Amino acid sequence: MTCPNKSRRQFLQYTAVSLVTASSPASAFFRLNNPCLNPSKTPVSKLEELAWQGVNPENWWDCHTHIVGSGDNGSGITLSEQMNAPLLHPIQTLLHWAYANAACTGKKGGQDVGYVSRIVALLETMPKGAKAMLYAFDKAHGANGDADHANTAFFVPNEYAMMLAKRYPERFEWVASIHPYRRDCEAVLEQAVVQGARAVKWLPPAMGIDPASPQCDRFYKVASKLNIPIISHGGEEKSVHGADQPLFGNPLRLRRALDAGVRVVIAHCATLGNDLDESGKSIRSFDIFAKLMAEKQWQGQLFGDISATVLRNRELEVVKTLLTETGWHSRLLNGSDYPLTGVLPLISIKNFVESGLLAEEALEPLLVLQDYHPFRFDFVLKRSLSWQGKRFASSVFETRPFFTGEVNS
Ligand SMILES: [Zn+2]
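Points about the coordination of the zinc ion
Right, on to step 1. All of the protein donors around the zinc ion are His64 (NE2), His66 (NE2) and Asp337 (OD); their distances to the metal are 2.1 to 2.2 Å.
Right, on to step 2. In primary-sequence terms, the residues that donate to the zinc ion follow H-x1-H-x270-D. Of the two residues, His66 is situated in strand β1 (residues 61–66) and Asp337 in the loop between β12 (332–333) and α13 (349–354); the sequence distance between them amounts to 271 residues. Each member of the pair, His66 as well as Asp337, carries the same accessibility label: buried.

As structure tokens, this is what we get:
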């Protein structure tokens, strides 16, 4: 989940207005609130039929899907007070409300169940075989290996993500979240793999994980042995504060994992914010990602997920580079960052049309899809983007073989 300064201010303005005008005609007119329409009524356009050509739905796994909830139906999810304190923590609270609205979780007392019934309905209206990889989210931990509750923004238990994947095996896979400073991290990782986890997700800035710390070595050893990939957030992180360690999002810090033989997926291809390069100069995190992708020794080991790369806060230059760097496409993996794709103001289709990345006639069918179905919308939008005649290769959307270990690169 990412939200930079300019659009964060915009985003918060949108969010504030959307909440105030939630039920008013203005909100519908300005498309601020997710109308939570019935996904089974989603119209199918020619554009969508074209988007699926060449992509086998059996291989379509959305590799970046967040679980949302509040723990009101036994999920075990916990949220920091900051997420429900509009006066003391307006930003955190607004963001939380925006995600809850985007995931159509509904009212207090039914939010865990609301999230599940909504995402099941969305996946059920995807072609047969298509699945979402659901993310657990571990607590922040201190250097002493103890859970750091004070700095834990939210927590989604591995057991809950696993349970959902077991309850809906046709539509969900699960991704564990295990903090490497935990004393039991090796055993928990072994167990998670036995229980079918397809990857491990880290959000280092919010969880307080320094991927370059020797404290991660025990974990890297097991991850490399089990060949389970680590999906680690790269670049700037704004929406989830938690441990608030922005430097830990620097893609360079993941070199320690690569050196240990771990398959690393940099979330969002680090398309947001700046980080310090080796010379200590502040450059775009994306340029550091690009530099690592160019290093021969990481060819079969370093990958990027393209979740959130279509958000209005991304430079269009970055999207153009992702499209035209066709040599990267066998190492790019599609994910949505749901429920962000359900926050309507966050993705501007018009911007893509105006910048020549999207054909004019794609605007209408995508606007309709955006209202009905965040997963199909995100997919069809990405499939329809092109620059200098280059599009994302079909393989970018066929992520299953990567996570089942059938292919390494
Ligand atoms: Zn995310």
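Some remarks on empty space enclosed by the protein
Right, on to step 1. What the rule picks out here adds up to three cavities of 30 Å³ or more.
Right, on to step 2. If you add up the space inside the largest cavity, you get close to 130 Å³.
Right, on to step 3. The residue makeup of the lining of the largest cavity, split by class, is 10 nonpolar, two polar and no charged.

As for the state of the cysteines
Right, on to step 1. Enumeration over the complete set of coordinates arrives at one disulfide.
Right, on to step 2. With a sulfur-sulfur separation of 2.1 Å, Cys36 is cross-linked through a disulfide to Cys104. Since a negative S-S torsion denotes a left-handed disulfide, the Cys36-Cys104 link at about -95° is left-handed. Taken as a pair, Cys36 in the loop between α2 (25–29) and α3 (46–52) and Cys104 in the loop between α4 (90–102) and α5 (111–124) lie far apart in primary sequence, 68 residues in all.
Right, on to step 3. For Cys104, a relative accessible area of 14% gives the class buried.
Right, on to step 4. As a non-bridged cysteine, Cys185 has Cys216 as the owner of its nearest cysteine sulfur, 8.5 Å distant.

Considering the environment of Ser279
Right, on to step 1. Structurally, the position occupied by Ser279 is in the loop between β9 (274–276) and β10 (282–284).
Right, on to step 2. Residues Ser279 and Val380, spaced 101 residues apart in sequence, show a C-alpha to C-alpha distance of 40 Å.
Right, on to step 3. A distance of 2.7 Å separates the side chain of Ser279 from the side chain of Asp277, its partner in a polar contact.

Some points on the sheet that holds strand β3 (residues 131–135)
Right, on to step 1. The strand order β1-β3-β5 describes an open sheet built from three strands, whose pairing is parallel. The sheet is open, and its two borders are formed by β1 and β5 (172–175), each paired with just one other strand. Each strand axis lies, on average, 30° off the axis of its neighbour in the sheet, ignoring direction.
Right, on to step 2. Pairing geometry for β3 and β5, over four bridges, is parallel.

Some details on the environment of Cys104
Right, on to step 1. Between the C-alpha atoms of Cys104 and Phe392, which are 288 residues apart in sequence, the distance is 30 Å.
Right, on to step 2. Apart from the residues lying within four places of it in its own chain, the contact partners of Cys104 are Asn34, Cys36, Gly114 and Arg118.

Observations regarding the sheet that holds strand β7 (residues 230–233)
Right, on to step 1. On the basis of which strands lie adjacent, the open sheet formed by five strands has the order β6-β7-β8-β11-β12 and parallel pairing. The outermost strands of the open sheet, each flanked by one partner alone, are β6 (200–202) and β12.
Right, on to step 2. The sheet contact formed by strand β11 (residues 302–305) and β12 spans two bridges and is parallel. If you follow Asp305 over to β12, its bridge partner there is Leu333.
Right, on to step 3. Where helix α11 (residues 285–294) meets the sheet, its contacts fall on β8 (264–267), β11 and β12, and the angle it forms with β11 comes to roughly 140°.

Comments concerning the pairing of β7
Right, on to step 1. Alternating residues of β7 divide into Ile230 and Ser232 and Ile231 and His233, and every residue in both groups is buried.
Right, on to step 2. Judged from the four bridges that link them, β7 and β8 form a sheet pairing that is parallel. If you follow Ser232 over to β8, its bridge partner there is Ile266.

Overview of the packing of helix α7 (residues 185–194) against helix α9 (residues 217–226)
When two helices pack together, you describe them by how their axes are tilted relative to each other and by the distance separating the axes.
Right, on to step 1. Taken N-terminus to C-terminus, the directions of α7 and α9 make an angle of 20°; their axes are 9 Å apart at the nearest point. Our classification of the angle between α7 and α9 gives roughly parallel. Judged by the sense of rotation from one axis to the other, the crossing of α7 with α9 is right-handed. Across from Cys185, Glu186, Leu189, Glu190 and Val193 in α7, the residues of α9 making contact are Arg218, Phe219, Val222, Ala223, Lys225 and Leu226.
Right, on to step 2. When grouped by side-chain class, the residues that make up the contact of α7 with α9 number seven nonpolar, no polar and four charged.

Details of the packing of aromatic side chains
Right, on to step 1. With the rule as written, the count across this model stands at 16 aromatic pairs.
Right, on to step 2. With 5.5 Å between their ring centres and 85° between their planes, Phe289 and Trp328 make a pair best called edge-to-face. Pair noted here: Phe289 is in helix α11 and Trp328 is in the loop between α12 (316–324) and β12, with a separation of 39 residues, a long-range link.
Right, on to step 3. Using a relative accessible area of 0% as the deciding quantity, one classes Phe289 as buried.
Right, on to step 4. Looking at Trp328, the relative accessible area reads 7%, which means it is buried.
Right, on to step 5. These aromatic residues form a ring-pair network of at least three members: Trp52, Trp60, Phe379, Phe392 and Phe397.
Right, on to step 6. Positioned above the aromatic ring of Phe402, the side-chain terminus of Arg263 is 4.4 Å from the ring centre.

Here we look at the side chain of Lys131
Right, on to step 1. Take Lys131: it is sitting in strand β3.
Right, on to step 2. Engagement of the side chain of Lys131 in a polar contact is seen with the side chain of Glu173, the distance being 2.6 Å.
Right, on to step 3. Aside from chain neighbours lying at most four places away, what touches Lys131 is Trp60, Trp61, Asp62, Leu123, Pro169, Glu170, Arg171, Phe172 and Glu173.

Some remarks on the environment of Thr326
Right, on to step 1. Mapped onto the elements of the fold, Thr326 is located in the loop between α12 and β12.
Right, on to step 2. As for Thr326 and Leu357, which are separated by 31 residues in sequence, their C-alpha atoms are 16 Å apart.

Conventions adopted
- Residues numbered from 1 in each chain as written.
- Predicted model: local features only at pLDDT ≥ 70, side-chain atom pairs only at ≥ 80, totals over all residues.
- Heavy atoms only, no water.
- Donors = N, O, S within 2.8 Å, 3.2 Å for Na, K, Ca; no water.
- Helix = DSSP H or I, 4+ residues; strand = E, 2+ residues; numbered from the N terminus.
- Buried < 20%, exposed > 50% of the residue type's maximum accessible area, 1.4 Å probe, protein only.
- 1 Å grid on protein atoms, 1.4 Å probe; cavity = no way out; pocket = protein on both sides within 12 Å on 5 of 7 lines; lining within 4 Å.
- Points joined across faces, edges and corners; volume = space filled by probe spheres on them.
- Nonpolar A, V, L, I, M, F, W, Y, C, P; charged D, E, K, R; others polar.
- Disulfide = S-S within 2.5 Å.
- Polar contact = N/O pair within 3.5 Å; in protein donor to acceptor, adjacent residues only side chain to side chain.
- Pairing = 2+ DSSP bridges.
- Axes fitted to C-alpha atoms, helices over the stretch in contact; angles between N-to-C directions.
- Contact = heavy atoms within 4.5 Å.
- Parallel < 35°, antiparallel > 145°, perpendicular 65-115°, else oblique.
- Left-handed = near helix turned anticlockwise from the far one by under 90°.
- Phe/Tyr/Trp six-rings, centres within 6.5 Å; stacked < 30°, edge-to-face > 60°.
- Lys NZ or Arg CZ within 6 Å of the ring centre and 35° of its normal.

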